[in-house]
Amino acid sequence: MNKQILTVTKKEIKDNVRDKKSLMSSIFMGAVFMPILFAVMINFIFNMQKDKAESQLEIAISGSENAQSFMNFVKTKDVKIKPFSGDPKRAIENKDEEAVVVIPDNFSENFSKGTPAKIEVYYDATAKGATNVTQGRIKSLINEYSQTIGMTRLQLRGISPILLRAVVVEDHDVSTAQSKGAQILMMLPYALILGLFMGSMYLAIDTMAGEKERNSLESLLLNPIKRSHLLTGKLLATISFGLMTMVITLITFKLVMPFMPLEKMGVTIDLGLKNLSILALVLAPLAFLAASLQTIVATFSKSFKEAQTYVGILIIVPMIPSMALMLMPVKEKLWMMAIPVLSQNLIINQIMRGEQVATISIIVTILGSLFIGVLLALAAIKLYNRESLLFSD
Amino acid sequence: MIEVKAISKSFGEVKAVKEVTFTAPNNQVTALLGANGAGKTTSLRMIYSLITPDAGQVLIDGIDPKEQPEAARKLLGVLPDTRGLYLRLTARENIEYFGQLHGMNDDDIKSRTESLVKDLRMEDFIDRKTDGFSQGQRVKVAIARALVHDPQNIILDEPTNGLDVMSTRGVRAFLNKEKQRGKCILFSSHVMQEVSAVSDEILVVSDGKVRASGTELELHQQTGQKNLEDAFVHIVTNGEGHE
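Residues numbered from 1 in each chain as written. Chains lettered and ligands numbered in written order. Predicted model: local features only at pLDDT ≥ 70, side-chain atom pairs only at ≥ 80, totals over all residues.

> I tried to follow the overall build of chain A on my own but got confused; where do I start?
Along the backbone of chain A there are 15 helices and four strands. In terms of overall size, chain A is more extended than a compact globule, its C-alpha atoms giving a radius of gyration of 30 Å where 393 residues would be expected to give roughly 21 Å. With respect to the three principal axes, the spread of C-alpha positions in chain A is 100 × 45 × 35 Å. Across the 393 residues in chain A, those meeting the buried criterion constitute 39%. Of all intrachain contacts in chain A linking residues separated by at least 6 positions in sequence, the fraction that spans at least 24 positions is 79%. (Helix = DSSP H or I, 4+ residues; strand = E, 2+ residues; numbered from the N terminus. Rg over C-alpha atoms; globule rule 2.2 N^0.38 Å. Buried ≥ 20, exposed ≤ 12 C-beta atoms within 10 Å, placed from the backbone. Contact = placed C-beta atoms within 7 Å.)

Here's what the structure looks like:
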């Protein structure tokens, strides 16, 4: 390799390693903070749901005096009754209660006549997290009571309750334990790819727009070095930061993995040496692509701030396929592996589901991302050769 | 030696430089004297081949930068109009970086840096990070960085702009010393005393053209004026005098 190119690369790395702010934003935020935040979030969600499912059910009931036998039934089920009065709708809206059970005045009248007696359950179906667990448990409790009473009534009339069950649904969930838990881990590909984008972002800005803002570009261009070599050197420094961040992100994930309640969630993600190598292999060309893309955008910017805005927007790029896959999962096909970012998403998902990643998928991913990366790098060099580079107003 | 043959440059509708021709020989300080916006910086940028002339030719020691840009740049040391340093690097590291880009080996860089440190009196701050340097310190580092490869031809765009008296004298003394060593020095300025103090030949630039040239004395004689400032005004206003 050309010695001048390495001179530029070494200088840019030395220059930026001395910048605490750049190290913080790329390495710490991208590679260390993200995985830890990820682990904390998973623990939090898991514990919240577990707590609700296992803890004693507490029901806010209004009009309990209207249904003595129901109340007796409820008491046998180890449920804590919380008398409620007031407007149930408002209590839900104000988040005072997760769910409110209202037993209307005419309950016992209908109940004695044998016509369906109504119990109202108020809840917010759009509410997140534990509320759904609570309202589900309340409903199944009421259903259980209803069935008990119904069956007793039939038996009293000499009819077998079995007759009621004309058709029975039997669940056969064929998803493996792995793919169930993977739903929560859908954010993982994004976290990995984001880390990589963040890692190279600061260098792309500093080596391009920073050079303009410091007014050092003109002097630099007067050295006897081809501009293509100059840009290659800068690009290599930017890529190396992206790669470094990617590797640290993978290691951090490997380290925080034991602190995620994966087994209890029914997931086992195999982050052994083989899978880590596959991840590093398919993510590496993406570092090349990310650095080129960020460099191009930073070339157009006059100042650090301007570049920060535009390059920051680029972080949305890896978000698009990640989000799309979260909302509409697809069966991976080979042609998809040629599309950068999408292919890395698919492969990370495969690894999380415990599937074997086909060698051909890895090869197509690497070649596809490298191809686009090279095109972008060439575009960056072309832009850097413009005379108007210095005066981009 | 720098030879400039009828170079022109337009930016859109604006003709910044119109057929500028002159020669800056070795052993001499040549000055481009002109008001702000006269076309000095654009002319210099074409000479050090940062931008390409629309027409005309530049020869650096006989080499056309259009054909051999890297070879021409090796023969040039340039202090441009914008002279920012790398703030997280020390003054020495700033100089070393440019030396490496010139393909110099570590020993050469080291000995050349030592002599520049001595000539420009940079002993106190050579190993400090350049963040927070005074204007004078910054210009000295920028000059040292530009001349680390000891080029035959030295171009400086407004070298003493914004410098205090002591720093200005330091830079002047340095340029004189380089001239004694046989260098070709070309600089631009809008400050009369500056040009008067260091230059052997003066080119008066106005509206993108060289209006007059010669030693200071010759300019006095051409215009019938007694000092450089009056001579300058006489030349750029076509003898109509003050404003």
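> Whenever I open this one, the domain arrangement of chain A confuses me. Can you help?
How big an interface is tends to be stated in terms of accessible area lost as the parts join. In terms of domain boundaries, chain A breaks down into domain 1 (3-46 + 179-389) and domain 2 (56-170). The distance between the C-alpha centroids of domain 1 of chain A and domain 2 of chain A comes to 53 Å. (Domains from an automatic or database assignment.)

> Could you clarify how one ought to interpret helix 8 (residues 188-213) of chain A in this entry?
Note on helix geometry: an α-helix contains 3.6 residues per turn, so any two residues three or four positions apart are oriented the same way. Residue and element names in this part refer to chain A. The terminal C-alpha atoms of helix 8, which comprises 26 residues, lie 36 Å apart, in line with the 38 Å expected from a rise of 1.5 Å per residue. The sharpest bend along helix 8 measures roughly 35° and falls at T207. For helix 8, a buried count of 24 out of 26 residues is recorded, marking the element as mostly surrounded by other parts of the structure. Following helix 8 by one or two positions, N215 adopts a phi angle in the positive range, close to 65°. (Expected span 1.5 Å × (residues − 1). Bend = angle between axes of the 7 residues up to and from the residue.)

> Looking at this model, I keep getting lost on the nonpolar core. Mind explaining?
Here is a general trend for soluble globular proteins: nonpolar side chains tend to be buried in one another's company. With 141 residues, the main nonpolar core has L196, I205 and A287 of chain A together with L33, A144 and I155 of chain B as its most contacted residues. When residues of this core are assigned to their parent elements, the largest contribution, 15 residues, is made by helix 8 of chain A. Each residue touching L33 of chain B, except ones within four places of it in the same chain, is listed here: S189, V195, I202, L203, V204, V205 and F232 of chain B. By size, the runner-up hydrophobic cluster in this structure holds 13 residues, among which are I61, F70, V101 and Y122 of chain A. (Core = buried A, V, L, I, M, F, W, Y, C linked by C-beta atoms within 7 Å.)

> I would appreciate a short explanation of the domain arrangement of chain B in the present structure.
All names here are of chain B. Examined at the domain level, chain B breaks down into domain 1 (1-75 + 152-164 + 179-243) and domain 2 (83-150). Using only C-alpha atoms to locate each centre, domain 1 and domain 2 end up separated by 26 Å. Listed by partner, the interface residues are six residues for domain 1 and six residues for domain 2. Of the residues belonging to the side of domain 1 that touches domain 2, the class tally is three nonpolar, one polar and two charged. (Nonpolar A, V, L, I, M, F, W, Y, C, P; charged D, E, K, R; others polar.)

> Can you walk me through the sheet that holds strand 2 (residues 14-24) of chain B in this structure?
Across a sheet, strands are paired by hydrogen bonds formed along the backbone, either parallel or antiparallel in direction. Residue and element names in this part refer to chain B. Pairing within the open sheet is antiparallel, and its three strands lie in the order 2-1-4. Strands at the two margins of the open sheet, each flanked by one partner only, are strand 2 and strand 4 (55-60). Going from strand to strand, the sheet's axes swing by 20° on average, the running direction of each strand aside. As defined by bridge partners, strand 1 (residues 2-11) adjoins strand 2 across seven bridges and the pair is classed as antiparallel. Bridged to V4 within strand 2 is F22. The strands touched by helix 1 (residues 40-47) within the sheet are strand 1, strand 2 and strand 4, with strand 1 carrying the most contacts at an inclination of about 120°. (Pairing = 2+ DSSP bridges. Axes fitted to C-alpha atoms, helices over the stretch in contact; angles between N-to-C directions.)

> Please explain the interface of chain A and chain B as it appears in this structure.
The interface of chain A with chain B comprises 17 residues on the first partner and 25 residues on the second. Taken together, the elements giving at least two residues each to the side of chain A that touches chain B come down to helix 1 (3-17) and helix 9 (217-221) of chain A. With four residues, the single largest contributor to the side of chain A that touches chain B is helix 1 of chain A. For the side of chain A that touches chain B, a count of residues per class yields four nonpolar, six polar and seven charged.

> Could you clarify how one ought to interpret the environment of T148 of chain A in this entry?
Residues and elements named next belong to chain A. For T148, the position within the fold is in helix 6 (residues 130-156). Overall, the presence of 11 C-beta atoms within 10 Å leaves T148 in the exposed class. For the pair formed by T148 and F73, sequence separation is 75 residues and the distance between their alpha carbons is 9.9 Å.

> Looking at this structure, how should I read the sheet that holds strand 1 (residues 58-62) of chain A?
All names here are of chain A. With respect to topology, four strands assemble into an open sheet ordered 2-1-3-4, the strand pairing being mixed. In this open sheet, the two strands that pair with only one neighbour each are strand 2 (80-83) and strand 4 (120-123). Recorded for the sheet is a direction-independent mean angle of 30° between the axes of neighbouring strands. Pairing geometry for strand 1 and strand 2, over four bridges, is parallel. Of the residues in strand 2, the one forming a bridge with I59 is I81.

> Looking at this structure, how should I read the packing of helix 10 (residues 227-256) of chain A against helix 15 (residues 359-384) of chain A?
Relative orientation and spacing of two packed helices are given, respectively, by the angle between their axes and the distance between those axes. Residue and element names in this part refer to chain A. Their axes nearest at 9 Å, the elements helix 10 and helix 15 cross at an angle of 130°. Of the possible angle classes, the one that applies to helix 10 and helix 15 is oblique. Handedness of the helix 10/helix 15 crossing: right-handed. When helix 10 is examined against helix 15, the residues R227, S228, L231 and L235 are found in contact with a partner set consisting of A377, A380, I381 and Y384. The class makeup of the residues in the contact of helix 10 with helix 15 is six nonpolar, one polar and one charged. (Parallel < 35°, antiparallel > 145°, perpendicular 65-115°, else oblique. Left-handed = near helix turned anticlockwise from the far one by under 90°.)

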